[in-house]
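Secondary and tertiary structure notes
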Amino acid sequence: MRGWWWREISGLVLPADCAGCGRRRTLLCERCARVLHGGPVRRARPVPEPAGLPAVHAAAAYGDAVRAVILAHKERGAMGLAAPLGRALAGAVRAAAPGSAGGAGPLLLVPVPSARRAVRARGHDAARRIACSAVAELRRSGRSAAVLPLLRQVRPVADQAGLGVPERLANVSGSMRARDAAVRLPACGVPVLVDDVMTTGASLAEAARALRAAGGGGHPDFPGFAQVSAAVVATVPLPSVINRN
């Protein structure tokens, strides 16, 4: 716990080098910020595409500066990076739910759940923190939005690193479930699954399955979740293929 507080305070007070390129005395330089959230949001399609994967929009490609920024936030506790990462995610959410500004209800950002052991080891939930930052960005622009931590892991999963596509799909299959009826949803809203990175799409496909099961499987508390889209900060270019719409 003390280590978490030290990272939080030092990230706000002490001079830092750019997390993307190492430029001195700036948390994120203008050039790396443009790479992260200054380009066009794109529709991302992994190859092969897992069954049940919703339409996914990504703010950037996962490589070089973007990869360094995401890892600095997730693994090294650079909490100040949640703001620019949230700005990137907010752009992807807008693209994932383009019709939501016309009265369809608030944007409901549903983070893909992380393994409990990973959250404990890192001292924070990276995906949920970025989602909260994205909500703040969306609200500043006049969009109604909220973070809805609806999903939970119901069994342990292995580290996905180093696994191929079939192994990743098998690893996460059936691993997520919507939380019980203690969680109450707004009467209407636009659900968007969110995560920091998409590699093969296995985790997003499993999260979408869990949401659809809640929305279309007779669960009275989740009536609007039969249809869902997804947004991520970044997607891996290979083996994924990124196309504009």
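Model, not experiment: these values are computed from the prediction.

In terms of regular secondary structure, the protein is built from eight helices and nine strands. Taken over 245 residues, the protein has a buried fraction of 47%. Pairs at least 24 apart in sequence give 75% of the contacts found in the protein among residues at least 6 apart. When the accessible area of the protein is evaluated, it comes to approximately 11800 Å², of which 54% is carbon and sulfur surface.

Relative to the helices and strands, R212 resides in helix α8 (residues 202-216). The partly exposed category is assigned to R212, whose relative accessible area is 29%.

Across all of its chains, the model carries five salt bridges by this definition. The salt bridge involving D17 is made with R24; its shortest N-O contact spans 3.2 Å. Accessibility expressed as a relative area gives 40% for D17, which makes it partly exposed. For R24, a relative accessible area of 63% corresponds to the exposed category.

Where helix α4 (residues 82-96) contacts helix α6 (residues 126-140), the two axes come as close as 7 Å, and the packing angle between them is 70°. One way to sum up the angle between α4 and α6 is to call them roughly perpendicular. In the crossing of α4 with α6, the sense of the turn from one axis to the other is right-handed. In this structure, α4 uses A82, A83, L85, G86, R87, L89, A90, V93 and R94 to contact α6, whose residues at the interface are R129, I130, A131, S133, A134, E137 and L138.

Together, R116, R117, R120, R128 and R179 give the surface a local cluster of positive charge. Residue position: R179 is located in the loop between β6 (176-178) and β7 (190-198).

Now for unusual backbone geometry. Of all residues except glycine, most have a negative phi; of all peptide bonds, most are trans. Looking along the chain, the bond that leaves V47 and enters P48 is cis, with omega of 0°. Here P48 lies in the loop between β1 (42-46) and β2 (56-61). Despite not being glycine, R25 shows a phi value in the positive range, around 60°. The topology assignment puts R25 in the loop between α1 (2-13) and α2 (30-37).

Attention shifts here to the nonpolar core. Among the nonpolar cores identified, the biggest contains 40 residues, and V93, L107 and V233 are the most heavily contacted of them. Looking at this core, the elements that each hand over two or more residues are α2, β2, α3 (64-76), α4, β3 (107-111), α6, β7 and β8 (229-235). Looking at which element gives the most residues to this core, the answer is α4, with seven residues. In this structure, V233 is in contact with L36, A58, A59, A60, I70, L85, A88, L89, I130, D195 and D196, ignoring residues within four places of it in sequence. The next biggest cluster of nonpolar side chains, apart from the first, holds 24 residues, and it includes L108, L204, A207 and A230.

Below, the discussion takes up the pairing of β8. Most of β8 is tucked away, with seven of its seven residues classed as buried. In terms of strand pairing, β2 meets β8 through five bridges, oriented parallel. If you follow V56 over to β8, its bridge partner there is A230. When β7 meets β8, the two strands line up parallel, connected through six bridges. Directly across from D195, in β8, lies its bridge partner V232.

Below, the discussion takes up the confidence of the model for the protein. This prediction gives the protein a mean pLDDT of 82; 79% of its residues lie at or above 70. Predicted confidence is poor over residues 1-15, with pLDDT under 50, and the contacts of this stretch with residues over four places away or in other chains come to 13 contacts. Low confidence marks residues 239-245, where pLDDT is under 50. Its contacts with residues over four positions away, or in another chain, come to 22 contacts.

What follows deals with the state of the cysteines. Applying the stated criterion across every chain yields a total of zero disulfides. Cysteine C18 is unpaired, with the sulfur of C21 as its nearest cysteine sulfur at 3.7 Å. Residue C18 is classed as buried on the basis of its relative accessible area of 4%. Distance from the sulfur of C32, which forms no disulfide, to the nearest cysteine sulfur (C29) is 3.6 Å. The exposure class of C32 is buried, given its relative accessible area of 2%.

About the thresholds
- Residues numbered from 1 in each chain as written.
- Predicted model: local features only at pLDDT ≥ 70, side-chain atom pairs only at ≥ 80, totals over all residues.
- Heavy atoms only, no water.
- Helix = DSSP H or I, 4+ residues; strand = E, 2+ residues; numbered from the N terminus.
- Buried < 20%, exposed > 50% of the residue type's maximum accessible area, 1.4 Å probe, protein only.
- Contact = heavy atoms within 4.5 Å.
- Areas by Shrake-Rupley, 256 points an atom, 1.4 Å probe, with all protein chains shown as cover.
- Salt bridge = Lys/Arg side-chain N within 4 Å of Asp/Glu carboxyl O.
- Axes fitted to C-alpha atoms, helices over the stretch in contact; angles between N-to-C directions.
- Parallel < 35°, antiparallel > 145°, perpendicular 65-115°, else oblique.
- Left-handed = near helix turned anticlockwise from the far one by under 90°.
- Patch = residues over 30% accessible without salt bridge, like charges linked within 9 Å, V, L, I, M, F, W, Y side chains within 5 Å.
- Lys, Arg positive; Asp, Glu negative; His and termini not counted.
- Charge placed at Lys NZ, Arg CZ, Asp CG, Glu CD.
- Core = buried A, V, L, I, M, F, W, Y, C linked by side-chain atoms within 4.5 Å.
- Pairing = 2+ DSSP bridges.
- pLDDT = per-residue confidence, 0-100.
- Disulfide = S-S within 2.5 Å.

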